[in-house]
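# Survey of secondary and tertiary structure
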Amino acid sequence: MAVIHKTFVKPTKLELLTSWLPSRPWYRGAAAPDLAKSGGFRLDDPDGAVGMEFMVVTDVSASGPTTYLVPLTYRGAPLDGAEHALVGTMEHGVLGRRWVYDGCHDPVLGAQLLALVQGAAQAQDQNTTDTPDPTVIGSCTGEGPLAIDPAQAPADDQDGTELPLSQGATLRLHRVLRPAPDGAPVAPQGAVGHVAAPWTLPDGTRVQGLFAVLHPGLRAQG
């Protein structure tokens, strides 16, 4: 169970992301984003060691606001081999020094996100300890257990991040979030699972969209 401490972090998460986001291939904005928190949720680490947060932030610096999904993990020590995924470090008022990583490149978050899709984990409220978030929906229609493939690295492109899974399947995260038509997120044709959740637009409108989509491997398709 993740414990949400009411304390300070320095620098703040938004300050870290303001410096880091422009380096990402899927970032669409200016060199200096103007970020606001728009929503998100958390997942629990079964071992209780890694904090996991799916932050939704909106950049209002450009002509039209753009909303990004930024999964983050918080660790009490550096993650071996993940220097490329380090967002930065911050001081936590209770926990001390924390190493903050792009969660898509952290195997603990990948495993728990896949568990959420497959119904084996439950999303937690972003700001309250031990409180499920029923607005986050995981759905899976595929057959057979899947797992993160440790032999293949997650890949970023101009639209999102793909996590390679066993059996040739992939879990794709949408980094640029788009509201679903009529407020009803629907996975694309051929997908066998997805995660959908809400966020808030700058004008206060509450919308929903796809955060992640599970695509089957060639074996499953055939």
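For the structure itself, consult the block above.
The notes below deal with the structure included here.

About the criteria used
Residues numbered from 1 in each chain as written. Predicted model: local features only at pLDDT ≥ 70, side-chain atom pairs only at ≥ 80, totals over all residues. Heavy atoms only, no water. 1 Å grid on protein atoms, 1.4 Å probe; cavity = no way out; pocket = protein on both sides within 12 Å on 5 of 7 lines; lining within 4 Å. Points joined across faces, edges and corners; volume = space filled by probe spheres on them. Helix = DSSP H or I, 4+ residues; strand = E, 2+ residues; numbered from the N terminus. Nonpolar A, V, L, I, M, F, W, Y, C, P; charged D, E, K, R; others polar. Buried < 20%, exposed > 50% of the residue type's maximum accessible area, 1.4 Å probe, protein only. Pairing = 2+ DSSP bridges.

Bringing the layout of surface pockets into the picture now. Of the voids in this model, the second largest pocket is the one considered here, and its volume is about 290 Å³. Around the second largest pocket sit 18 residues that line it, and His 105, Asp 106, Pro 107, Gln 152 and Pro 154 are the ones nearest its centre. At the level of secondary structure, the elements contributing two or more residues to the lining of the second largest pocket comprise helix 2 (107-117) and strand 9 (160-164). A per-class count over the lining of the second largest pocket returns 10 nonpolar, five polar and three charged.

As a further point, take the pairing of strand 12 (residues 193-200). Burial runs high along strand 12: seven of the eight residues are buried. In this sheet, strand 12 lies alongside strand 7 (residues 137-140) in antiparallel orientation, the contact comprising four bridges. Opposite Gly 138, over in strand 12, you have Val 195 as the bridge partner. Judged from the eight bridges that link them, strand 12 and strand 13 (residues 206-215) form a sheet pairing that is antiparallel. Within the sheet, the bridge partner assigned to Gly 193 lies in strand 13 and is Leu 214. Linkage of strand 12 to strand 13, two consecutive antiparallel strands, is achieved through a turn of five residues, within which Gly 204 is found at a positive phi near 95°.

Right, let's talk about the sheet that holds strand 8 (residues 155-156) for a bit. Strand pairing in a sheet relies on backbone hydrogen bonds, with the paired strands running either antiparallel or parallel. Taken together, the six strands give an open sheet; going across it, the order is 7-12-13-10-9-8, and neighbouring strands pair in antiparallel fashion. Each having just a single partner strand, strand 7 and strand 8 make up the two edges of the open sheet. Alignment of strand 8 against strand 9, held across two bridges, turns out to be antiparallel. Within strand 9, the position partnered with Ala 155 by the bridge is Glu 162.

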